[in-house]
Amino acid sequence: MNINKSDSIHSSDFIRQIIREDLRTNKYSKVYTRFPPEPNGYLHIGHAKSICLNFSIAKEFGGLCNLRFDDTNPTKEQSEYIESIMKDVRWLGFDWEDRLFYASDYFDKLYDYAVQLIKDGKAYIDSLSAQEIREYRGTLTEPGKDSPYRNRSVEENLDLFKRMRASEFEDGTYVLRAKIDMSSANLNMRDPVMYRILHSTHHRTCDKWCIYPMYDFAHGQSDSIEGITHSICTLEFEDHRLLYDWFLEQLNIHHSQQIEFARLNISYTILSKRKLLQLVEERYVNGWDDPRMPTISGLRRRGYTPEAIRDFCERIGVAKTYTVVDIALLEHCIRQDLNLRAPRVMAVLRPLKLVIDNYPEDRVEELEAVNNPEDDSMGTRKIPFSRVLYIERGDFQEEPQKKWFRLAPGREVRLKHAYIIKCERVIKNEQTGEIVELHCTYDSETKSGCAKSGRKVKGTLHWVSAAHSIEAEVRLYDYLFLRENPNDVEEGSDFKANLNPDSLETLTSCRIEPSLANEKPGTRYQFLRLGYFCVDIDSSDEKLVFNRTVSLRDTWAKIQKAQK
RNA sequence: UCGAGGGUCGUUCAAGGGUAGGACACCGGCCUUUGAAGCCGAGAAUGAUGGUUCGAAUCCAUCCCCUCGAGCCA
């Protein structure tokens, strides 16, 4: 058996292995997949995993992937969500071409399938209330019992079903159920509801219907109608596969193979549409695209790239094990992508005035700065240097800690792209003791790029020229939740108890170098020594607003932590 | 308790009878006009117990642990 050792059967995730085997044995001759969201919320990164899986698999095997909205519950679904979902899938870089479908496209067909099952004696109309159905269903350990209406005649079932459709009955008075086995150990097989009465306007079919199929009666048949070969879904549907298969067998129609994989979980993050909706509705965040949200739209606004998200989805792998992926991996992916692509600029978030006493008052130099040391083709730009600058407040310590090699009284540092300076004097507010200004001298021999610029100092600081810099607002984001597992709470409390009160910090008096003026929303930069930032849509002509996508790795922060 | 599925470094994914490997994280070093990036290195795992076998993460048995399941949600 060692002959096949290098065979690609063992070279990728279990789903691709199954598909390869299905192709080899001619179970299917082509590969069709689908991404089937319910339009009841915005897509999040967990969906991205599924999107990447389905579209990538189709592409790899020369097949196609459809986009299909699973819109069988009009009480929860809205067109707004449809729009956002299509936008997000496209933004992620996937194309369903002309294959945009809706489960609601199949309502007529589904109705016919239901009639067929009634005629075959495999479905019946139940008059039990929802409460009674629950009671009759039994429990995990006890079998259910048959509904007293289970043996209505085919004629009566047909008649009742027609009248359900014809809007003769109130919501909840009747349901259509499959006649399977009330004592099955699999609860899904205990005569599952196929249709319920819902007098609710559907976002697409409007008021054409007042009965709607349940997920179990819609999904498999929709797959079948579209000729899907591999219906990839998450683990919680594993128990439904028996029912999925049952309907397709009874109906004797094209049978796609359902395959389940483990959904994505990420530390410090919640990926439940229901809970995300709650955060939005109860205003814990500013909408679905709040940059703290794990939604695609939130990540996009935050500055994440589709490439980074796709890379992440590849790296996390596909398996059936319950897992929680370290959010550090997501951060690594975006850093790695942006490192190569984002131009470097200088921005001072918490400005501290610095005066170079021996630099002429009226002098302004245009210094050359490389835009990206990782990519020479990104060129250079000029930045103004003058006597009065701003540096980062955090880059000065009056009484320096161990291993500190930034600025301190008497110490020298390099100003990036400029000169080496030495701190001569600290000016404080006499009342508060707050440091308000630093006075330094510069060494004119040490200009960046010049022959004698080779002198080494330990620290290099970013800076902006006070007179030339422009003001900006910068929003710093931290994890939305304080705990790795946001659902880990005391009895009687819920995930909201773990919300991080400091997940958003807004800095309004930041100074950025003038080359950034007039940038468009979405533009991404590395603010030197700080992190990756992108222009937010809240920016106006008067003021730029930046989101911090992710900070740079911070070794100094680790040293500080270790010193404590 | 019943059914389904799953247990491999801290995390995640490989290896499917033949040297347990990668990535992220962590730690150490080199380099550095970003304490970034990059480069080099280290530590670190087969849930347990038996069995089969020359050889077991892989096959068998028993046990333990985790996830999901009792919507007219998907």
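Residues numbered from 1 in each chain as written. Chains lettered and ligands numbered in written order. Predicted model: local features only at pLDDT ≥ 70, side-chain atom pairs only at ≥ 80, totals over all residues. Heavy atoms only, no water.

Some remarks on the overall build of chain A
A tally of regular secondary structure across chain A gives 13 helices and 25 strands. In terms of its C-alpha atoms, chain A occupies a principal-axis envelope of roughly 100 × 65 × 45 Å. The burial tally for chain A puts 51% of its 564 residues in the buried class. For chain A, contacts bridging at least 24 residues in sequence account for 70% of all contacts bridging at least 6. Accessible area of chain A: about 26700 Å², with a carbon and sulfur share of 46%. Charged side chains of chain A number 81 positive and 89 negative; the gap between the two group centres comes to 5 Å. (Helix = DSSP H or I, 4+ residues; strand = E, 2+ residues; numbered from the N terminus. Buried < 20%, exposed > 50% of the residue type's maximum accessible area, 1.4 Å probe, protein only. Contact = heavy atoms within 4.5 Å. Areas by Shrake-Rupley, 256 points an atom, 1.4 Å probe, with all protein chains shown as cover. Lys, Arg positive; Asp, Glu negative; His and termini not counted. Charge placed at Lys NZ, Arg CZ, Asp CG, Glu CD.)

Digging into the pattern of salt bridges
Following the criterion strictly, the structure yields 46 salt bridges and no others. A salt bridge links Asp-538 to Arg-475; the shortest N-O distance between them is 2.8 Å. With Asp-538 in the loop between β24 (531-535) and β25 (544-551) and Arg-475 in strand β21 (residues 470-477), this residue pair connects regions lying 63 residues apart in the sequence. On the basis of relative accessibility, which here comes to 15%, the residue Arg-475 falls in the buried class. (Salt bridge = Lys/Arg side-chain N within 4 Å of Asp/Glu carboxyl O.)

Description of helix α7 (residues 215-226)
For α7, with 12 residues, the first-to-last C-alpha span of 16 Å sits near the 16 Å given by 1.5 Å per residue. When you tally the buried positions in α7, you get 10 out of 12 residues, the bulk of the element. Among the residues of α7, Asp-216, Phe-217, Ala-218, His-219, Gly-220, Gln-221, Ser-222, Asp-223, Ser-224 and Glu-226 are the ones counted as buried. (Expected span 1.5 Å × (residues − 1).)

Some points on the sheet that holds strand β4 (residues 123-126)
Taken together, 4 strands build an open sheet; the order of strands is β4-β5-β6-β7 and the sheet is antiparallel. Two strands lie at the open edges of the sheet, namely β4 and β7 (211-213), each paired on one side alone. Strand after strand, the sheet turns through a mean of 20 degrees between neighbouring axes, direction not considered. (Pairing = 2+ DSSP bridges. Axes fitted to C-alpha atoms, helices over the stretch in contact; angles between N-to-C directions.)

Concerning the pairing of strand β8 (residues 230-234)
A large share of β8 lies buried, amounting to 5 of its 5 residues. Judged by which residues are buried, β8 turns out to be covered on both faces: His-230, Ile-232 and Thr-234 on one side and Ser-231 and Cys-233 on the other are all buried. Bridge count for β8 against strand β9 (residues 257-261) is 5 bridges, and the pairing is parallel. Considered in β9, the bridge of Ser-231 is made with Gln-258. Read from β8 through helix α8 (residues 241-251) to β9, the crossover connection turns out right-handed. (Right-handed = clockwise from strand over helix to strand, strands pointing away.)

Thoughts on the packing of helix α11 (residues 306-315) against helix α12 (residues 327-341)
In the contact formed by α11 and α12, the axes pass within 9 Å of each other and the chain directions differ by 135 degrees. With respect to α12, the axis of α11 lies oblique. Crossing angle aside, the handedness with which α11 passes α12 is right-handed. Residues Glu-307, Ala-308, Asp-311, Phe-312 and Arg-315 of α11 form the contact with α12, whose own contacting residues are Leu-329, Leu-330, His-332, Cys-333, Ile-334, Gln-336, Asp-337 and Arg-341. Looking at the contact of α11 with α12 residue by residue, the class counts come to 6 nonpolar, 2 polar and 5 charged. (Parallel < 35°, antiparallel > 145°, perpendicular 65-115°, else oblique. Left-handed = near helix turned anticlockwise from the far one by under 90°. Nonpolar A, V, L, I, M, F, W, Y, C, P; charged D, E, K, R; others polar.)

Focus: the sheet that holds β25
If you trace the 7 strands from one edge of the open sheet to the other, you get β10-β23-β24-β25-β21-β22-β11, paired in mixed fashion. Two strands bound the open sheet, and with one partner strand each, they are β10 (344-345) and β11 (347-348). For β10 and strand β23 (residues 524-527), the ladder comprises 2 bridges, and the chain directions are parallel. Within β23, the position partnered with Arg-344 by the bridge is Gln-526. Strands β10, β23, β24 and β25 of the sheet are contacted by α12, whose axis makes an angle of about 120 degrees with β25.

Thoughts on the packing of aromatic side chains
Applying the stated rule across the entire model yields 25 aromatic pairs. Relative to Tyr-212, the ring of Phe-107 has its centre 5.8 Å away and its plane inclined at 75 degrees; by these criteria the two rings are edge-to-face. Taken as a pair, Phe-107 in helix α4 (residues 107-119) and Tyr-212 in strand β7 lie far apart in primary sequence, 105 residues in all. Since its relative accessible area comes to 2%, Phe-107 is described here as buried. Tyr-212 gets classed as buried once you look at its relative accessible area, which sits at 0%. Among the aromatic residues, those joined into a cluster by ring pairs are Phe-107, Tyr-111, Phe-161, Tyr-195, Trp-209, Tyr-212, Phe-217, Trp-246 and Phe-247. The ring of Tyr-111 has Arg-165 lying over it, and the distance from NZ or CZ to the ring centre is 4.3 Å. (Phe/Tyr/Trp six-rings, centres within 6.5 Å; stacked < 30°, edge-to-face > 60°. Lys NZ or Arg CZ within 6 Å of the ring centre and 35° of its normal.)

Thoughts on the nonpolar core
One recurring pattern in soluble globular proteins is that nonpolar side chains are buried together. Among the nonpolar cores identified, the biggest contains 39 residues, and Ile-45, Ile-51, Phe-55, Val-89, Leu-264, Ile-309 and Phe-312 are the most heavily contacted of them. At the level of secondary structure, the elements contributing two or more residues to this core comprise α2 (45-60), β2 (64-69), α3 (79-92), α10 (296-302), α11 and α12. Look past the residues within four positions of Leu-264 in its chain and what remains in contact with it is Ile-45, Gly-46, Lys-49, Leu-271, Phe-312, Ile-316 and Val-325. Among the nonpolar cores identified, the runner-up in size contains 34 residues, and Val-115, Phe-169, Met-194 and Ala-218 belong to it. (Core = buried A, V, L, I, M, F, W, Y, C linked by side-chain atoms within 4.5 Å.)

What about the confidence of the model for chain A?
Detailed reading of the predicted model is not advised wherever pLDDT is low. Mean pLDDT over chain A works out to 95, with 98% of the residues at or above the 70 mark. Here residues 1-10 scores under 50 on pLDDT; set against residues more than four positions off or in separate chains, the count is 6 contacts. For this predicted complex, the interface score ipTM comes out at 0.97, while the overall pTM is 0.96. (pLDDT = per-residue confidence, 0-100.)

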